[in-house]
Amino acid sequence: MSGGGCSIVWFRRDLRVEDNPALAAGVRAGSVVAVFIWAPEEEGPYYPGRVSRWWLKQSLSHLDSSLRSLGTALVAKRSTDSVSSLLELVKATGATQLFFNHLYDPLSLIRDHRAKEVLTAQGVTVRSFNADLLYEPWEVSDEQGRPFTTFADFWERCLSMPFDPEAPLLPPKRIISGDISRCPSDTLVFEDESEKGSNALLARAWSPGWSNADKALTTFINGPLIEYSENRRKADSATTSFLSPHLHFGEVSVRKLFHLVRIKQVLWANEGNKAGEESVNLFLKSIGLREYSRYMSFNHPYSLERPLLGHLKFFPWVVDENYFKAWRQGRTGYPLVDAGMRELWATGWLHDRIRVVVSSFFVKVLQLPWRWGMKYFWDTLLDADLESDALGWQYISGTLPDGREFDRIDNPQFEGYKFDPNGEYVRRWLPELARLPTEWIHHPWNAPESVLQAAGIELGSNYPLPIVGIDAAKAHLQEALSIMWQHEAASRAAIENGTEEGLGDSSEFAPIAFPQDVQMEEEIAPAPSPEPARNHNHLPGSTRRYEDQMVPSITSLVRAEDEETSSDVRNSVGDSRGEVPATNMNVNMDHDPPRTDVMEANNPGAFQAVRTNANNPRPHNNFTMGIHSAAEDSTAESSSTTSRRERDGGVVPVWSPSASAYSDQFVGDENGIGASSSYLPRHPQSHQIVNWRRLSQTG
DNA sequence: GTTAGTTTCTT
DNA sequence: AGAAACTAA
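Bear in mind the structure is a predicted one, so any value in this text is a computation, not a measurement.

Okay, the pairing of strand S3 (residues 74–78) next. Of all five residues in S3, five are buried, a share of seventy percent or more. On S3, burial covers both faces: Leu-74, Ala-76 and Arg-78 on one face and Val-75 and Lys-77 on the other are all buried. For strand S2 (residues 32–38) and S3, the ladder comprises five bridges, and the chain directions are parallel. The partner of Ile-37 across the bridge, within S3, is Lys-77. Once the chain exits S2 it traverses helix H2 (residues 50–70) before rejoining the sheet at S3, and the crossover so formed is right-handed.

Around DNA strand B, the structure places Phe-151, Arg-232, Arg-233, Lys-285, Leu-289, Asp-352, Tyr-395, Asp-402 and Arg-408. Expressed as a percentage, the sugar and phosphate content of the atoms of DNA strand B within 4 Å of the protein is 56%. One nitrogen or oxygen atom from the side chain of Asp-402 is found 3.2 Å from a sugar or linking oxygen belonging to DNA strand B. Take Arg-408: an N or O atom from its side chain is 3.4 Å from a base oxygen of DNA strand B. Partitioned by chemical class, the residues of the surface near DNA strand B number three nonpolar, no polar and six charged.

It is worth spelling out the UniProt feature "site: Electron transfer via tryptophanyl radical" (unreviewed entry) in chain A at this point. UniProt feature "site: Electron transfer via tryptophanyl radical" (unreviewed entry): in the numbering of this structure it lies at Trp-317, Trp-370 and Trp-393. Residue class for Trp-317 comes out buried when judged on its relative accessible area of 7%. Here Trp-370 shows up in helix H15 (residues 370–380).

So, on to the packing of helix H11 (residues 274–299) against helix H16 (residues 386–397). Between H11 and H16, whose axes approach to 8 Å, the crossing angle comes to 90°. Regarding the angle of H11 to H16, the classification is roughly perpendicular. Contacts between H11 and H16 involve Leu-289, Arg-290, Tyr-292, Ser-293, Arg-294, Met-296 and Ser-297 on the former and, on the latter, Glu-387, Ser-388 and Leu-391. Looking at side-chain class alone, the contact of H11 with H16 contains four nonpolar, three polar and three charged residues.

For the rest of this paragraph, the subject is unusual backbone geometry. At Asp-19, a position not held by glycine, the phi torsion is positive, near 45°. Secondary-structure assignment places Asp-19 in the loop between strand S1 (7–11) and helix H1 (21–29). A relative accessible area of 0% places Asp-19 in the buried class. Even without a glycine there, the phi angle at Phe-242 is positive, about 55°. A residue is classified by how much of its surface remains accessible, and Phe-242, at 12% relative accessible area, is buried.

All right, on to the pattern of salt bridges then. A full pass over the atoms with the stated rule returns 25 salt bridges. Of the charged contacts in the structure, one is a salt bridge between Arg-255 and Asp-19, with a shortest N-O distance of 3.3 Å. Taken together, the residues Arg-255 in helix H10 (residues 254–271) and Asp-19 in the loop between S1 and H1 connect sequence positions 236 residues apart. The class of Arg-255 is buried, set by a relative accessible area of 2%.

Turning next to the side chain of Ser-85. Looking at the element boundaries, Ser-85 is found in helix H3 (residues 82–93). For Ser-85, the contacting residues outside a window of four places in its chain are Ile-37 and Ser-79.

The next thing to look at is the environment of Arg-328. Relative to the assigned elements, Arg-328 resides in helix H12 (residues 321–329). In this structure Arg-328 comes out as buried when scored by relative accessible area, which is 2%.

Next up on the list: the UniProt feature "binding site: FAD" (unreviewed entry) in chain A. Under the present numbering, the feature "binding site: FAD" (unreviewed entry) in UniProt falls on Tyr-228, Thr-240, Ser-241, Phe-242, Leu-243, Ser-244, Phe-283, Asp-383, Ala-384 and Asp-385. Relative to the elements of secondary structure, Leu-243 occurs in the loop between helix H8 (228–231) and helix H9 (244–248). Relative to the helices and strands, Asp-385 is located in the loop between H15 and H16. Apart from residues lying up to four places away in sequence, Asp-385 is in contact with His-248, Arg-294 and Trp-378. Engagement of the side chain of Asp-385 in a polar contact is seen with the backbone nitrogen of Ser-388, the distance being 2.9 Å.

Turning our eyes to something else, we now look at helix H14 (residues 352–365). Here H14 contains 14 residues, and its C-alpha end-to-end distance of 19 Å stays within 8% of the 20 Å for a straight helix at 1.5 Å per residue. In terms of burial, H14 is a largely internal element, 11 of the 14 residues being buried. Restricting attention to buried positions, one finds in H14 the residues Ile-354, Arg-355, Val-357, Val-358, Ser-359, Ser-360, Phe-361, Phe-362, Val-363, Lys-364 and Val-365. Immediately beyond the C-terminal end of H14, within one or two residues, lies Gln-367, with a positive phi of roughly 55°.

About the thresholds
Per-chain numbering applies: the sequence of each chain, read as written, is numbered from 1 onward. Labels are handed out in written order, letters beginning with A for the chains and numbers beginning with 1 for the ligands. Thresholds applied to this predicted model are a pLDDT of at least 70 for local features of residues and 80 or more for the giving and counting of side-chain atom pairs; totals over whole chains, interfaces and linings are not thresholded and use all residues. The side-chain quantities take in all heavy atoms of the structure and omit both hydrogens and water. Each residue is assigned to one of three classes by its accessible area relative to the maximum for its type, calculated with a 1.4 Å probe on protein chains only: buried under 20%, partly exposed between the two thresholds, exposed over 50%. Note on conventions: DSSP H or I runs of at least 4 residues are helices, E runs of at least 2 residues are strands, and numbering of each starts at the N terminus. At least two bridges found by DSSP between two strands is the condition for calling them paired. Handedness rule for crossovers: strands pointing away from the viewer, path from the first strand over the helix to the second running clockwise, crossover right-handed. One heavy atom within 4 Å of a molecule or strand is enough for the residue carrying it to be called near that molecule or strand. Polar contacts, as counted here, are pairs of nitrogen or oxygen atoms within 3.5 Å of one another; within protein the pair requires one atom able to donate a hydrogen and one able to accept it, and residues that are adjacent in sequence qualify only if both atoms are side-chain atoms. For this scheme, ten residues count as nonpolar: Ala, Val, Leu, Ile, Met, Phe, Trp, Tyr, Cys and Pro. Four count as charged, namely Asp, Glu, Lys and Arg, and the remainder, Gly too, count as polar. UniProt positions are given in the numbering used here, feature names are shortened, and annotations may be inferred rather than shown by experiment. Interaxial angles span 0 to 180 degrees and are taken between N-to-C directions of axes, which are lines fitted to C-alpha atoms, for helices over the stretch in contact. For classification purposes, angles smaller than 35 degrees are called roughly parallel, those larger than 145 roughly antiparallel, those between 65 and 115 roughly perpendicular, and all remaining angles oblique. Any pair of residues with heavy atoms lying within 4.5 Å of one another is described as a contacting pair. Just to be clear on terms, a salt bridge is a Lys or Arg side-chain nitrogen sitting within 4 Å of an Asp or Glu carboxyl oxygen. How far a helix is expected to stretch is found by multiplying one less than its residue total by 1.5 Å.

Here is the structure:
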């Protein structure tokens, strides 16, 4: 807490003034320069989607006005290299300290570590804090001090930690502004002209910004929370918390949320309110999953990229861009799946249950590479969150030790009657099926011709027949699994013979690149709303594209496509056409918002379903990551199980891009993780094979 | 109470 | 698919 110069408080995904430890530290230390650096190129392939950028824009302006009312302002910088920008800011302001809150995705860990190194070398005191989690990932481990590998154990431990999560901090009363006269803000561009119309609709349903988040939190806790458990199974119930986008950008503090929910928990427990208690536990569990997603990302940085269970890398995914397209456009022939995909397309929002349905269908029935689906979610979801989505897709894909069985296929027809028993959800999003009786709504292909005729449906033209039958999918999956095990056995044999080093790195089994000719972010014209627009046929100001989307029929969808191909350049996700590097450290120096001439000739080759382990070999990582103990941090504690924690200057185990391998410290030994896993009894073959040390490097 | 059959849930 | 939690006699 040296006196003298001012502090830079670097905002990222902690866009709030309440319970913001970095900001609090800055305020305590004296004068503050609050900064946000927009450097999307640093995110590699994960340039935020349109709705996500819209949210960010609103949230930042909200934060800026809050800071202004407290005595300073938010300095906004456009950059392709956050660390350089920080250095410039240090020079321009004479700051002697830098404070920020932790992030846990691999890119941030590396960048933030570099920021610490570079700025410390310049004589700047750098301190970082936990603002995003109840407990830091390195605080939660089993009796042997190793990270958990199953959620249930992890969460049980979190709920019985010897010390409570930090109590939330109040917002500062006043902020003394550092001298920002020499660092003018850049104008940040978060949307282009073509996106403005669609974005205008978002504001009807959502209010970004930390104080709105706080209101949403209070509303939820005092209202729908008690029925959370009751209502969770309905596809379009308006009783989810709707906090996820707020949480993604750190507008609301999980710790505050946790404390408030805990108060209700105690209250309802005393009242013997069974439903309330169950609801609380369920809701907390979803908070736990969010925690766990960061935990996994931190402990297994490659899990955004590659299956956590090593043998899954041998699965022969179906690389079929037509399947992918049909899924995105809601034309799979399975009403519940299609309704979900149309809702996502139109609104950027999807109930959790439906996310499971559509992603499970994607992986198990279509057998498309899960990362494609994950990328599409990233591009389209309003609450897109890399760590959470990676965890979700890995769970669905059966690539987690405690995920779903890989060979399990859910039948969308049955799920339809489970989550949407009266077909209301399907009818809302698939107007072409609106007149179909409930009896057939989730399996129109079985309906008698007369019924279809009466409903105005002609399967195959009006609404598609299932693009893949469930039985065919099951057979296909079995076949694929046996191929997978063969490859796996061959690989294991090669390793045991010592003839093979790094098979997992060989391009043959590298992750499958994204389709080259696919526009990852479709033309989405959203009207996201807890209650999806009822009057969607005549929304004022809606573009024609919007109507095409909202009154979907095969013809209008096809027409919309044709237009796409022929019309002008539209915005697309910057790097979406490229491959997804495991971690892209090559900064794109283009300062303009990524803009891509989207349309290329359709690739005829794409029209064949190809079983492949990997087409398009991709470049290898040119570096590896390692985690060391936090030796360089003066505040480091060697044992994370001790109950004392530093509120200030939290300790982050050091990330080093140059370390040659994953540190043993964070990887179970050969048998360690597997032995306790519930996965093994179900998949005894994998008992010997899963080499967890390798897994962390390659799998 | 007991037991066999049924539904629900799984991160 | 399998366990756990429910129901119906």
